[in-house]
Each structure stands twice: as structure tokens, then as C-alpha cells.
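Coordinates in review
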Amino acid sequence: MNIGGAIKYLNRGLTHSGATYADRVAPSSPRARAATHADVDSTVAVTPTGETRTALVRRARRIQRELAVVYPDAHCELDFANPLQLVIATILSAQCTDVRVNQVTPILFARYPDAPSLAAADRAELEAIISSTGFFRMKANSLLGMANMVCDRFHGEVPHRMKDLVQLPGVGRKTANVVLGNAFDVPGITVDTHFGRLSRRFGWTDETDPEKVEVEVGSLFPRKVWTPLSHQMIFHGRRCCFSQRPACGACPVARWCPSFGEGITDPVLAAKKIKTGSA
Ligand code: SF4
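Not measured: the values here are computed from a predicted model.

A look at the overall build of the protein
- Of the regular secondary structure elements, the protein holds 16 helices and zero strands.
- Considering the protein as a whole, with its 279 residues, one finds that 41% of them fall into the buried category.
- For the protein, the share of sequence-separated contacts (at least 6 apart) that also reach a separation of at least 24 residues comes to 57%.

What follows is the structure, given as C-alpha cells:
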């Protein structure tokens with residue numbers, strides 16, 4: 001997409017409304033006065049932004065609907081064909097890009113097509129295959145431990161319950177939610193670095209603990225959108241709402257974001273920062 005197109009498409013929130021969320025809740029606005037009132041009124045839920053709980057839910061769902069329009073193909077960017085492959089790829093993705101993991105996994109999956117073959121893998125050979133993903137000794141430990149437990153306790157099949165998945169070496173709630181949502185169609189919120197950062201920028205939570213973020217953000221949405229929301233947030237974090245200098249001026253959800261202005265607000269400069277394709 002050229003810059004002009006990117007501005008026109010991604011910045012439509014700003015151009016349509018002429019005002020950002022921050023403008024609309026400026027201290028002199030009725031909403032801000034209501035928010036201030038909410039702070040001292042114990043009958044009104046206190047939210048990170050001072051909105052009423054109802055307003056927060058509405059705004060959060062509005063953002064999600066827009067992200068769904070902007071990123072209609074948001075999906076898990078790790079390549080996999082079955083639950084075991086997704087567990088393996090997700091373990092390898094720690095501190096590594098999905099693109100790099102996808103370069104390694106075809107060889108890995110061909111060499112170890114199931115849990116028993118991975119459990120019996122030669123450690124040196126396994127480490128050599130995955131070395132380019134970084135932290136390869138620790139990841140080899142996780143892969144061997146995970147495969148052995150899958151064989152010993154789950155008859156060679158990756159379990160499909162959270163309480164079982166998190167028992168596997170190298171698998172925490174984040175990985176478990178990726179596997180549940182994408183391999184078993186069980187709704188789950190994946191709180192990675194992008195999801196956590198965007199949730200706080202959106203004012204959906206002020207928690208930094210991933211499990212608390214998962215619970216608080218999950219409570220704003222129906223379960224059926226948890227998995228697609230996870231992908232949409234990660235897509236937006238990789239392509240627009242960067243950790244450093246987010247592209248606010250070309251952001252499609254700027255009008256509902258209380259953090260507008262944390263990054264580049266000039267539409268032309270911001271559009272140049274937008275990433276497309278695999279990020
Ligand atoms: S890019 Fe800026 S306006 Fe958009 S979500 Fe991130 S902080 Fe908010």
C-alpha cells in the first residue's frame with residue numbers, strides 16, 4: 001500500500017471524527033466531568049481511564065470491531081499442521097520472530113514428526129536444528145521435556161485442557177492459550193508483549209501481570225472474540241502501535257485511544273512507519 005493509501009485507509013478514524021479520544025475526554029468535557037464524578041462515587045465502577053464500566057466496554061468493543069475490519073486476515077503467524085507442531089513452534093518463538101521460527105520448523109517437523117520421535121531426539125542434533133531461534137539449550141530442554149511428558153502422561157497426544165497444558169515443560173498460560181485458541185478452537189486470550197502494551201495504551205487495564213491482563217481484558221469481551229482479538233492486537237502492535245514511537249497519526253483506532261500522541265502524530269510521517277505483510 002502506498003503512503004497516500006495508507007493515510008486514507010488507516011487514518012480514517014481521525015479524519016472522520018476530527019477529534020481524538022483524548023480531546024473528547026479533556027477536563028472541560030462532560031465526559032471528563034462524569035469521569036471525575038465516578039472517581040468519588042463508589043456506586044460507579046472505577047476504570048483505568050475514569051470512564052464508567054459501560055463506557056469502557058463499549059469503547060473496547062468499538063476498537064475491536066475496527067481492528068477486525070483493518071486486519072481481516074489476522075491469524076497465528078506460526079506455521080503448523082497439528083497441535084504438537086503448534087506447541088513446538090510457540091516454544092521456539094520465545095525471544096524470536098515468527099518468520100525465523102517458520103524457517104526452522106519445516107526441517108524440525110520432518111525430522112521429528114510426532115511426540116515419540118521428538119522425545120527420543122539426540123540433543124545435539126536437536127540443538128543444531130533450532131540454534132538460529134536463540135536460547136537453543138533452554139528451548140531444547142523444553143521440547144524434550146514437553147515431548148516426554150506428552151508421551152508419558154497423555155498417550156502421545158497434546159492435551160486440550162488449560163490445566164494439563166500448563167503442566168508441560170516450556171508451556172505457560174500464553175503458550176497454552178495460543179494452542180487452545182488455534183489448534184483446539186477453545187477461546188483464549190494470548191497476552192504477549194504486544195497484547196499487554198496495547199491493552200494498557202487503550203486503557204483497558206493498568207495491570208502488567210499477564211494473567212491479570214488476561215482476566216481484566218477478557219471481562220470486556222464475549223468469549224467468542226478472545227482468540228481473534230488476540231491476533232488483531234498482535235497484528236496492530238507489530239504493524240502500527242509499536243513499543244517505541246507508535247504511528248498514532250496513521251492509526252485506525254486513534255479516535256478511541258487515550259494514548260494518542262504517545263508516538264508520531266503527523267499523518268505523513270506516521271504512515272511511513274506502518275508495516276505491511278509479515279512483521
Ligand atoms: S498507535 Fe497511538 S493512537 Fe494508535 S493505538 Fe497505539 S498509542 Fe493509540
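What follows picks up the thread again.
With respect to helix α10 (residues 136–154)
- For α10, built from 19 residues, the straight-helix expectation of 27 Å at 1.5 Å per residue is met to within 8% by its first-to-last C-alpha distance of 25 Å.
- All of the buried residues in α10 are Lys139, Ala140, Ser142, Leu143, Met146, Ala147 and Val150. Buried positions in α10, seen along its axis, are confined to an arc of 160 degrees and lie on one side of it. Exposed residues on α10 whose side chains face more than 90 degrees from its buried face are Arg137, Asp152 and Arg153.
- Looking at the buried side of α10, the elements it contacts are α6 (83–92), α8 (115–119) and α9 (123–130).

Focus on the environment of Ser93
- Of note, Ser93 is situated in the loop between α6 and α7 (98–111).
- We classify Ser93 as buried; it has 22 C-beta atoms within 10 Å.
- Sequence separation of Ser93 and Leu78 is 15 residues, and the distance between their C-alpha atoms is 8.4 Å.
- Those residues in contact with Ser93 that sit more than four places away from it in its chain are Leu78, Asp98 and Val101.

Here we look at the packing of α9 against α10
- Packing of α9 against α10 leaves a shortest axis separation of 9 Å and a crossing angle of 120 degrees. As judged from the angle between their axes, α9 and α10 are oblique. Of the two possible hands of crossing, α9 and α10 adopt the one that is right-handed. Listed contacts from α10 to Arg123, Leu126, Glu127 and Ile130 of α9 are Phe136, Arg137, Lys139, Ala140, Leu143 and Leu144.
- Across the contact of α9 with α10, the residue classes tally to six nonpolar, no polar and four charged.

Overview of the environment of Leu165
- Counting through the fold element by element, Leu165 comes out in helix α11 (residues 162–165).
- Of the residues examined, Leu165 has 24 C-beta atoms within 10 Å and is grouped as buried.
- On a C-alpha basis, the gap between Leu165 and Val150 in space is 9.5 Å, while along the polypeptide they are 15 residues apart.
- When near neighbours in sequence (up to four residues on either side) are disregarded, Leu165 contacts Pro159, Val171, Ala176 and Val179.

Overview of helix α14 (residues 210–218)
- Those residues of α14 that sit buried are Val213, Glu214 and Val217. Take α14 and look down its axis: the buried residues cluster within an arc of 100 degrees, on one side only.
- Those residues of α14 hidden inside the fold are in contact with α12 (173–183) and α13 (193–201).

A word on the environment of Val87
- Secondary-structure assignment places Val87 in helix α6.
- Using a count of 27 C-beta atoms within 10 Å as the deciding quantity, one classes Val87 as buried.
- In this structure the C-alpha to C-alpha distance between Val87 and Leu180, which are 93 residues apart in sequence, comes to 10.0 Å.

Remarks on unusual backbone geometry
- For Phe135, which is not a glycine, the phi torsion comes out positive at approximately 50 degrees.
- Relative to the assigned elements, Phe135 resides in the loop between α9 and α10.
- Of note in this structure, Arg245 is not a glycine but carries a positive phi near 50 degrees.
- In this structure, Arg245 sits in the loop between α15 (226–239) and α16 (267–273).

What to know about the packing of α6 against α10
- Where α6 contacts α10, the two axes come as close as 10 Å, and the packing angle between them is 160 degrees. Accordingly, the angle class assigned to the pair α6 and α10 is roughly antiparallel. In the crossing of α6 with α10, the sense of the turn from one axis to the other is right-handed. On α10, the residues that touch Val87, Ile88, Ile91 and Leu92 of α6 are Lys139, Ser142, Leu143 and Met146.
- A class-by-class count of the residues in the contact of α6 with α10 yields six nonpolar, one polar and one charged.

Side note on the nonpolar core
- Residues Ala247, Cys248, Ala250, Cys251, Val253 and Cys257 are the most contacted members of the largest nonpolar core, which totals 34 residues.
- For this core, the secondary-structure elements that each account for two or more residues are α5 (53–70), α13, α14, α15 and α16.
- In terms of nonpolar packing, the next biggest core, distinct from the first, is built from 30 residues, Cys76, Phe80, Leu84 and Ile130 among them.

Criteria and thresholds
Residues numbered from 1 in each chain as written. Predicted model: local features only at pLDDT ≥ 70, side-chain atom pairs only at ≥ 80, totals over all residues. Helix = DSSP H or I, 4+ residues; strand = E, 2+ residues; numbered from the N terminus. Buried ≥ 20, exposed ≤ 12 C-beta atoms within 10 Å, placed from the backbone. Contact = placed C-beta atoms within 7 Å. Expected span 1.5 Å × (residues − 1). Arc of directions from axis to C-beta. Axes fitted to C-alpha atoms, helices over the stretch in contact; angles between N-to-C directions. Parallel < 35°, antiparallel > 145°, perpendicular 65-115°, else oblique. Left-handed = near helix turned anticlockwise from the far one by under 90°. Nonpolar A, V, L, I, M, F, W, Y, C, P; charged D, E, K, R; others polar. Core = buried A, V, L, I, M, F, W, Y, C linked by C-beta atoms within 7 Å.

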